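Each chain, letter by letter, is given below.
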Amino acid sequence: MALSGAQTQMDRNPGYYHQLLQGERSPGLEDAIRTDLNRTFPDNVKFRRTAEPCLQKTLYNVLLAYGRHNQGVGYCQGMNFIAGYLILITKNEEESFWLLDALVGRILPDYYSPAMLGLKTDQEVLGELVRAKLPAVGALVERLGALWTLLVSRWFICLFVDVLPVETVLRIWDCLFNEGSKIIFRVALTLIKQHQALILEATSIPDICEKFKQITQGSFATECHVFMQKIFSEPGSLSTTTVTKLRESCRARLLAQG
Amino acid sequence: MGSEQSSVRMDEDVLTTLKILIIGESGVGKSSLLLRFTVDTFDPELAATIGVDFKVKTISMDGNKVKLAIWNTAGQERLRTLTPRYYRSAQGVILLYDVTRRDTFVILNNWLNELETYCARNDIVNMLLGNTVDKENREFDRNKGLKFARKHSMFFVEASAKTCDGVQCAFEELVEKIIQTPGLWESETQSKGVKLSHREEGHGGAACGSY
């Protein structure tokens, strides 16, 4: 809460969250969120419709308030999983809202607005980093004509929720809140590098999609302590300057493509 | 469904590989339909699909094996902007709506526009599928769907991924129509320059690894 600036925002804006919830109705936003309530962590007892207390209502409130607060973003699928995690972690509705704001509004560069330009950019940035650091994988992806978005969009959109084991995701999020969005590339590069041999066996697009699912499972991802050490050693140097430059060039390229 | 590896091994006697898309508004049951067709199960508690998912299934059609790569997307519009290329090179599309949800039907025109914009070919086989017919609070009767489908030259099926009703027959009808339109899949095979070594006279097809 403190490091991400969420606490400061919450202290500076007393009552704001509740004002948002009591604001004017927004039917489109409400329907979109409601459609996903039953489909957010359906395996978690606390998110069941019949649970008491039921976190679906909390989730609905956080997402609705956020959609009203940041109207440029509204609600994007994937935010339900992120908000759901924040609720489970903080056990506090209003704190979850401010943490979601820290993530979506400040830490992640424009991932969820309708054009999803920041997200598309970061997928391309990962592609560039793989080409540079793991050229064999880069070449294979290119040869198969697989889009990076097919392979990793879920990683970026859900920030590894329901992709990696819970403990590992929580450790990654610690870094995300502390150090910013660069960590996502470290995690992605580490997963790819660690399983390079397996990925290189792929012979078709569905095949490589399947491999990218496989590499998030298994003991490597579960051993979160070792995993966190690896993400800082395996991908090698990854300076903020490099990431910033790549983001600029990839973004320009995407905008030029229309 | 067997694993991808096992279906790859069977490629030698596969007539062709077809790419089929399942599209439609968020929450109409695209993932449930795919799950029912590929592994014959129903999970009422399926998480929302983020990004793109696919399953592979090989079916027999008049004695020929046809491998289907069935792609399933997230329903929300902004997530679809991630994958416009996903529409290209598809031979068949199943457009879903939920017969109990008016919003998922009235928006079908938008989906057709999207298909027109992104699909590379115009002879693609389209099917309209009204899902969740097992539910009692139906908003649209069969005729309404049928009328829409006819107007837009689409096949029409009502189905329930939950009860299995109509699911198998929807896919079979779609695949049959694609196979009856050889230009759709033969040109695909040849334009990719795949070796037609397993092709036999009068057999009229080829193994193909394209998606």
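What counts, and where the lines are drawn
Residues numbered from 1 in each chain as written. Chains lettered and ligands numbered in written order. Predicted model: local features only at pLDDT ≥ 70, side-chain atom pairs only at ≥ 80, totals over all residues. Heavy atoms only, no water. Helix = DSSP H or I, 4+ residues; strand = E, 2+ residues; numbered from the N terminus. Buried < 20%, exposed > 50% of the residue type's maximum accessible area, 1.4 Å probe, protein only. Polar contact = N/O pair within 3.5 Å; in protein donor to acceptor, adjacent residues only side chain to side chain. Pairing = 2+ DSSP bridges. Axes fitted to C-alpha atoms, helices over the stretch in contact; angles between N-to-C directions. Contact = heavy atoms within 4.5 Å. Domains from an automatic or database assignment. Buried area = accessible area lost by both parts, 1.4 Å probe. Salt bridge = Lys/Arg side-chain N within 4 Å of Asp/Glu carboxyl O. Nonpolar A, V, L, I, M, F, W, Y, C, P; charged D, E, K, R; others polar.

Undergrad: Can you explain the side chain of Thr49 of chain B? Please cite residues and give values.
TA: Residues and elements named next belong to chain B. Within the secondary structure, Thr49 sits in the loop between α2 (30–39) and β2 (52–61). Since its relative accessible area comes to 16%, Thr49 is described here as buried. A polar contact is formed between the side chain of Thr49 and the side chain of Ser31, at a distance of 2.6 Å.

Undergrad: Break down unusual backbone geometry for me, with residues and values.
TA: Residue and element names in this part refer to chain A. That bond from Glu52 to Pro53 is cis: its omega, -5°, falls within 30 degrees of zero. Note on placement: Pro53 falls in the loop between α3 (27–37) and α4 (55–69). Backbone geometry at Phe41 places phi at a positive 45°, although glycine is not the residue there. Counting through the fold element by element, Phe41 comes out in the loop between α3 and α4.

Undergrad: Kindly report on the sheet that holds strand β3 (residues 64–73) of chain B, identifying the contributing residues and their values.
TA: Residues and elements named next belong to chain B. On the basis of which strands lie adjacent, the open sheet formed by six strands has the order β2-β3-β1-β4-β5-β6 and mixed pairing. Because the sheet does not close on itself, it has two edges, and the strands there are β2 and β6 (155–158). Recorded for the sheet is a direction-independent mean angle of 25° between the axes of neighbouring strands. Of the strand pairs in this sheet, strand β1 (residues 14–24) and strand β4 (residues 92–98) are connected by five bridges, and their pairing is parallel. Paired with Ile20 across the strands is Gly92, a residue of β4. Packed on one face of the sheet, helix α7 (residues 167–179) meets β1, β2, β3, β4, β5 (125–131) and β6 and runs near 125° to β1.

Undergrad: Outline the domain arrangement of chain A, listing residues and values.
TA: All names here are of chain A. Along its sequence, chain A is carved into domain 1 (6–107) and domain 2 (117–257). With centres defined by C-alpha atoms, the gap from domain 1 to domain 2 works out at 27 Å. A buried area of about 1100 Å², summed over both sides, lies between domain 1 and domain 2, and 82% of it is on carbon and sulfur atoms. Where domain 1 meets domain 2, there are zero salt bridges. Connecting domain 1 to domain 2 are zero residue pairs in polar contact (both at pLDDT 80 or more). Those elements that place two or more of their residues in the side of domain 1 that touches domain 2 are α5 (79–90) and α6 (93–107). Counting residues per element, the side of domain 1 that touches domain 2 draws most heavily on α5, at five residues. Along the lines of polarity and charge, the residues of the side of domain 1 that touches domain 2 split into 10 nonpolar, two polar and no charged.

Undergrad: Let's hear about the interface of chain B and chain A: which residues, and what values?
TA: The figure often quoted for interface size is the accessible area lost as the parts come together. At the junction of the two partners, chain B supplies 27 residues and chain A supplies 35 residues. Between chain B and chain A, a total of about 2600 Å² is buried, with carbon and sulfur atoms accounting for 59% of that surface. A per-residue breakdown of the area chain B buries against chain A is headed by Ile50, Arg78 and Leu82 of chain B, which together make up 27% of the total. Viewed at the interface, chain A and chain B are joined by two salt bridges. Our enumeration of links across chain B and chain A arrives at 11 residue pairs in polar contact (both at pLDDT 80 or more). Those elements that place two or more of their residues in the side of chain B that touches chain A are α1 (4–9), β2 and α3 (77–80) of chain B. In terms of residue count, β2 of chain B provides more of the side of chain B that touches chain A than any other element does, four residues in total. Across the side of chain B that touches chain A, the residue classes break down as 12 nonpolar, nine polar and six charged.

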